[in-house]
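If you want the building blocks of each chain, they are given just below.
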Amino acid sequence: MVLQSPHSLQSSAPTPANGAKRVKIQAENGAAPKDNVAGQRRVSARLQAAAKRKAEKKELLAKRKLELLGEDGGRSARKLSAETNKVKQKLKLQHAQTGIQQLPEIPFHPAEPKVSKKVAKMVERAAKIAEGLDGTTTPNVAEKSAHIKVKETVRLFNKHYLHLVQEEEKRCRAGKVAKKAARANKARKGNVPDADGKGRAKRPDLKAMTKMMERKEVLYPQKRIGNIPGIDVGHQFYSRAEMVAVGFHSHWLSGIDYMGQSYGKGEYKHYKFPLAVAIVLSGMYEDDLDNAEDVVYTGEGGHALTGNKRQIRDQVLKRGNLALKNCYDLGVTIRVVRGHECTSSYSGKIYTYDGLYKVEKYWAEKGLSGFTVFKYRLRRLEGQPTLTTSQVQFAHGRVPQCTSEIRGLVCEDISGGQENVPIPATNMVDDPPVAPTGYEYCKSMKVARNIELPANAAGCSCEGLCWDPKTCSCAKLNGSDFPYVHRDGGRLVEAKHVVFECGPNCGCSPECVNRTSQSGLKYRLEVFRTPKKGWAVRSWDFIPAGAPVCEYIGLLTRTEDLDSVSENNYIFDIDCLQTMRGLGGRASRQQDASVSMIQKVDKNDEQRSESVPEFCIDAASIGNVARFINHSCEPNLFIQCVLSAHQDIKLARVVLFAADNIPPLQELTYDYGYALDSVHGPDGKVKVMLCFCGAEGCRKRLF
DNA sequence: ACTCATCAGTAGTAT
DNA sequence: ACTACTGATGAGTAA
């Protein structure tokens, strides 16, 4: 599916409140050509396809160019590292002369650290080296892709996770059924061996983590001191296992992550081990976040692991505790992650990276239960991005609680009560603030008169809720598995070419998992005005990866019937083949038997697959929230074709799903999927529209 | 709201 | 090779 080439770009601009979204951009660039009009939209399918191919070639070339550039960057980086190596060599030599010795223990109550000369020297050296390794240097070309690498790693983790959730849900169901059968048998016969019904669910997060390790997909398998490229202050993690998967903090359990003796051989020779690199504060300091720059951290150990979790013995200066002490001695910085209770989210807890901290002092004291505990006063390094509350706003439920709290409110509910959840609109940009107008809100698809929707889906004969993929005929269409997991009210395991949902001809109830995208809005969405991109959409709730956000609703029309005179930026071509090629969201889509059949048909008919799709959704004058969602070159939503009432892929429903875990108030975007240079004006010249998505890898042009 | 078993990698030690 | 250590997680239970 491609958001179709805007039909003519007519001089008569639409009402500012309506289509202003992209028209305005052009006006701002002075690029708005006063051309008219009609006819140029379809330059013939063939020509368009050729243009597309050309564009793709061009893109490839550009990519190569970039790669070359990147190589160059790599080279200079290598040069740099060679230089630092020289410095290190020098240091090593010096060190050989001084001789490395075991350092004297420092007493427990160092009001003023008594540091021997040797230690002082060591500290100095360590600090020097740390400066180079800190990664606090300005981002370069290599750094740029680091963010994307992190994103990809997290997506991979999520994918594994959802697959394993699916597996677990299946196993638990089987276990329950087996147990039931066993119980029934017991009632009749008595003693029956317990089937493999290990009723309890395993931990899919840990399993996903293990999988990442086995496949060597962990982004940073080596621990390092200081910042991690691609993870900025304020970065949010959604579980401990996710941090392990990127290599940010390598324990899913322990609070303190430290480098052990084995790190004392390589580049970190001049440090003292164990040495802490990262810690997690688990929500204990939730209430005194104003003290965020200054933390008192309790060491590890001595806890009663079960029950009341009180201290049951003295902590000792070993392992993590010793590692933190060594950080104090050497002045090594530590990454600090905070865990936040997060009631508004499905994940329950989120973790934010709050930056580098230094151990200012440490001491031992008698804790509440009368046992020795170690305490570490940590101070945040200066010059880091301030810990704005916006990053943790949602953790406090700081999203507006009632309409009077909403700033810039221009409309309480643009859906006028149609959706399950009101969709407010806000405008802090225009003066006077205007509300989105010029269209009619509609929750469900309108169908043009000359289209008759088929209703030929066979439907499954399940009763109540579909649960057995072996018997549910809808599940069979999806490759003998349900495309969704139950968790969090239904999440799509993986982007597929087509998802076959249960529909009106099925025997199951509306709560069936295989109707996940049919249950309407689940999240509190807000339409808000932006300075450059017109209207945009964001969520007040946390949206987990794979969750359905909304369907693209409008007037279902024959492409040929579109009014080619007036400008229209709200056309959505229903072109599953495009979707199948994997635009936006996830790179490759899972294919299953029934889809390959459809594809085969299309392959036989090359012409059709290259041509303009027969049907499209026009949301210009009638539509739902989806029409306000902007394009981004690095989107957090992806398009998924869904079939439920019928099986005509040309008339598939178009549903937007979360590609990532999306924190509240982050703008929702998807890839409109234009090929560059694919849009032509009436004069045959390539039309250009600039992109303001702001992503790192932004192509700078929408088309 | 509270309880509880489980989960799995890491560091360090013993062999 | 083996073991101690660690506390998040989600299902189950009780209230």
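Below: a short report on this structure.

Conventions used here
Residues numbered from 1 in each chain as written. Chains lettered and ligands numbered in written order. Predicted model: local features only at pLDDT ≥ 70, side-chain atom pairs only at ≥ 80, totals over all residues. Heavy atoms only, no water. Pairing = 2+ DSSP bridges. Helix = DSSP H or I, 4+ residues; strand = E, 2+ residues; numbered from the N terminus. Patch = residues over 30% accessible without salt bridge, like charges linked within 9 Å, V, L, I, M, F, W, Y side chains within 5 Å. Areas by Shrake-Rupley, 256 points an atom, 1.4 Å probe, with all protein chains shown as cover. Salt bridge = Lys/Arg side-chain N within 4 Å of Asp/Glu carboxyl O. Buried < 20%, exposed > 50% of the residue type's maximum accessible area, 1.4 Å probe, protein only. Near = heavy atom within 4 Å. Polar contact = N/O pair within 3.5 Å; in protein donor to acceptor, adjacent residues only side chain to side chain. Nonpolar A, V, L, I, M, F, W, Y, C, P; charged D, E, K, R; others polar. Contact = heavy atoms within 4.5 Å. Expected span 1.5 Å × (residues − 1).

### What about the sheet that holds strand S16 (residues 534-539)?
Then step 1. Strands sit in the order S8-S9-S15-S16 across an open sheet of 4 strands; the sheet is mixed. Edge positions in the sheet fall to strand S8 (409-411) and S16, since each has one partner strand and no second.
Then step 2. Across 2 bridges, S8 lies against strand S9 (residues 425-426) in antiparallel orientation. The residue bridging Leu409 from the neighbouring strand is Thr426, located in S9.

### Quick word on the sheet that holds strand S11 (residues 446-447)
By definition, the strands of a sheet pair up through backbone hydrogen bonds, in either a parallel or an antiparallel sense.
Then step 1. Spatially, 4 strands are ordered S11-S18-S20-S19 in an open sheet, and the strand pairing comes out mixed. Of all the strands in the sheet, the pair left with one neighbour each is S11 and strand S19 (571-573).
Then step 2. The sheet contact formed by strand S18 (residues 555-558) and strand S20 (residues 615-618) spans 4 bridges and is antiparallel. Opposite Leu556, over in S20, you have Ile617 as the bridge partner.

### Description of a nonpolar patch on the surface
Then step 1. Together, Val686, Val688 and Leu690 make up a nonpolar patch on the protein surface, roughly 200 Å² of accessible area in all.
Then step 2. Secondary-structure assignment places Val688 in the segment after strand S25 (669-670).
Then step 3. With a relative accessible area of 40%, Val688 lands in the partly exposed category.

### Quick look at the protein's contact with DNA strand B
Then step 1. Lys202, Thr210, Lys223, Trp252 and Gln261 are the nearest of the 15 residues found near DNA strand B.
Then step 2. Counting only atoms of DNA strand B within 4 Å of the protein, the sugar-phosphate share comes to 88%.
Then step 3. Take Lys207: an N or O atom from its side chain is 3.1 Å from a phosphate oxygen of DNA strand B.
Then step 4. The backbone of Gln261 places a nitrogen or oxygen atom 2.9 Å from a phosphate oxygen of DNA strand B.
Then step 5. Here the surface near DNA strand B takes 5 residues from helix H5 (residues 204-214), the largest share from any one element.
Then step 6. Here the residues of the surface near DNA strand B are counted per class, giving 6 nonpolar, 5 polar and 4 charged.

### Overview of unusual backbone geometry
Negative phi is the rule for most residues except glycine; trans is the rule for most peptide bonds.
Then step 1. In this chain, Phe273 is followed by Pro274 through a cis amide linkage whose omega measures 0 degrees.
Then step 2. Considering the arrangement of structural elements, one finds Pro274 in the loop between strand S2 (256-259) and strand S3 (275-282).
Then step 3. For Arg319, which is not glycine, the phi dihedral falls at a positive 45 degrees.
Then step 4. Residue position: Arg319 is located in helix H7 (residues 319-330).
Then step 5. Here Arg319 falls in the exposed class, since its relative accessible area comes to 59%.
Then step 6. Of note in this structure, Lys700 is not a glycine but carries a positive phi near 70 degrees.
Then step 7. Of note, Lys700 is situated in the segment after S25.

### As for the environment of Ala292
Then step 1. Take Ala292: it is sitting in the loop between S3 and strand S4 (294-298).
Then step 2. The sequence separation of Ala292 and Leu387 amounts to 95 residues, and the corresponding C-alpha distance is 7.6 Å.
Then step 3. When neighbours within four sequence positions are excluded, Ala292 is seen to be in contact with Arg338, Tyr357, Arg380 and Leu387.

### Topic: the pairing of S3
For a regular strand, side chains alternate in direction, first toward one face of the sheet and then toward the other.
Then step 1. Of all 8 residues in S3, 7 are buried; the element is thus mostly enclosed.
Then step 2. Where S2 lies against S3, 4 bridges are found, and the strand directions are antiparallel. Of the residues in S3, the one forming a bridge with Met259 is Leu275.
Then step 3. Here S3 runs beside strand S5 (residues 334-342); their pairing, made up of 5 bridges, is parallel. Paired with Ile279 across the bridge in S5 is Val336.

### Thoughts on H5
Then step 1. Within H5 the residues assigned to the buried category are Pro204, Asp205, Leu206, Ala208, Met209 and Met212.
Then step 2. Phi turns positive one or two residues past the end of H5, at Lys216, with a value near 55 degrees.

### Comments concerning H7
Then step 1. For H7, with 12 residues, the first-to-last C-alpha span of 16 Å sits near the 16 Å given by 1.5 Å per residue.
Then step 2. With respect to burial, H7 is a largely interior element, 10 of its 12 residues being buried.
Then step 3. Along H7, the residues classified as buried are Gly320, Asn321, Ala323, Leu324, Lys325, Asn326, Cys327, Tyr328, Asp329 and Leu330.
Then step 4. Directly beyond the C-terminal end of H7, a positive phi value near 65 degrees is found at Gly331.

### Digging into the environment of Val218
Then step 1. Inspection of the secondary structure assignment puts Val218 in the loop between H5 and strand S1 (236-237).
Then step 2. Ignoring any residue separated from it by four or fewer positions in sequence, one finds Val218 in contact with Met212, Met213, Val244, Ala245, Val246 and Gly247.

### Some thoughts on the environment of Gly694
Then step 1. Looking at the secondary structure, you find Gly694 in the segment after S25.
Then step 2. Under the relative-accessibility criterion, Gly694 is labelled exposed at 70%.
Then step 3. Counting along the chain gives 60 residues from Gly694 to Glu634, while the straight-line C-alpha distance between them is 8.9 Å.

On their own, these measurements won't tell you what the molecule is for.
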